Amino acid sequence: FHLFRDGPGNAPMWEAYPRGGCWILKIRKRKDSGPSVLGKMWQDMVLATVGEAFEEPDVVGISLCIRRNEDLLSVWNVDNRNDEIRFKIGERMKRILDLEPATIIEYKHHAESMQDMSTFRNAKAYVFAASESAQA
């Protein structure tokens, strides 16, 4: 599934955003767990994207990939050259999904995706530390 901005050149393709990338949350499937929270997470991401809760025009879309062992939820941005904006998007994703502070999310540059032909393989893992302003 995906939800992207409408307009010329906007598509869920790496080539549409060669300077961009995406934040990725991997959600492992467990046979012994009850109903998945994936539906709620996807709903929260859709509402946040449509409602512009990311507060960043650099966000161009979201996607959900259903896989055998884990599902992948991602937020795509158009340009990753500004680290401050890129990390703000990742922090906002964690806040929207109400993730634990130690939750690892990953980031992958689309230029790298075009080389290794994968959105998710070889993504770089991040854990965000609480900032002083967030603690106040």
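Coordinates for the structure precede this section.
Note that this is a predicted model, so its numbers are computed, not measured.

Undergrad: Give a description of the pairing of strand β3 (residues 59-65) that names residues and reports values.
TA: With respect to burial, β3 is a largely interior element, six of its seven residues being buried. In this sheet, strand β4 (residues 70-77) lies alongside β3 in antiparallel orientation, the contact comprising six bridges. When the sheet's bridge partners are listed, Val59 is paired in β4 with Asn77. Taking the residues between adjacent antiparallel strands as the criterion, β3 and β4 are bridged by four residues.

Undergrad: I'd like a description of the pattern of salt bridges, backed by residues and values.
TA: Using the criterion set out here, one finds eight salt bridges in the structure. The partner of Glu56 in a salt bridge is Lys88, with the nearest N and O atoms 4.0 Å apart. Taken together, the positions of Glu56 in the loop between α1 (38-50) and β3 and Lys88 in helix α2 (residues 83-96) put the pair 32 residues apart, joining distant regions of the chain. Owing to a relative accessible area of 16%, Glu56 belongs among the buried residues under this scheme. Look at Lys88 and you get partly exposed, because its relative accessible area is 30%.

Undergrad: Describe the side chain of Arg86, naming the residues involved and giving the relevant values.
TA: Tracing the backbone through its elements, the reader meets Arg86 in helix α2. Among residues more than four places away in sequence, those in contact with Arg86 are Trp23, Asn80, Tyr107, His109 and Tyr126.

Undergrad: Lay out the sheet that holds β3 with the relevant residues and their values.
TA: Spatially, six strands are ordered β1-β3-β4-β2-β5-β6 in an open sheet, and the strand pairing comes out antiparallel. Strands with a single pairing partner mark the edges of an open sheet, and in this sheet they are β1 (2-4) and β6 (124-126). Strand-to-strand, the axes of this sheet are offset by a mean angle of 20°, without reference to chain direction. Here strand β5 (residues 105-109) pairs with β6 via three bridges, running antiparallel. Note that in β6 the partner of Ile105 across the bridge is Tyr126. Strands in contact with α1 are β1, β2 (21-28), β3 and β4; relative to β3, the strand with the most contacts, it is inclined by about 165°. Across the sheet, α2 is in contact with β2, β3, β4, β5 and β6; its angle to β2 comes to roughly 25°.

Thresholds, definitions, all that
- Residues numbered from 1 in each chain as written.
- Predicted model: local features only at pLDDT ≥ 70, side-chain atom pairs only at ≥ 80, totals over all residues.
- Heavy atoms only, no water.
- Buried < 20%, exposed > 50% of the residue type's maximum accessible area, 1.4 Å probe, protein only.
- Helix = DSSP H or I, 4+ residues; strand = E, 2+ residues; numbered from the N terminus.
- Pairing = 2+ DSSP bridges.
- Salt bridge = Lys/Arg side-chain N within 4 Å of Asp/Glu carboxyl O.
- Contact = heavy atoms within 4.5 Å.
- Axes fitted to C-alpha atoms, helices over the stretch in contact; angles between N-to-C directions.

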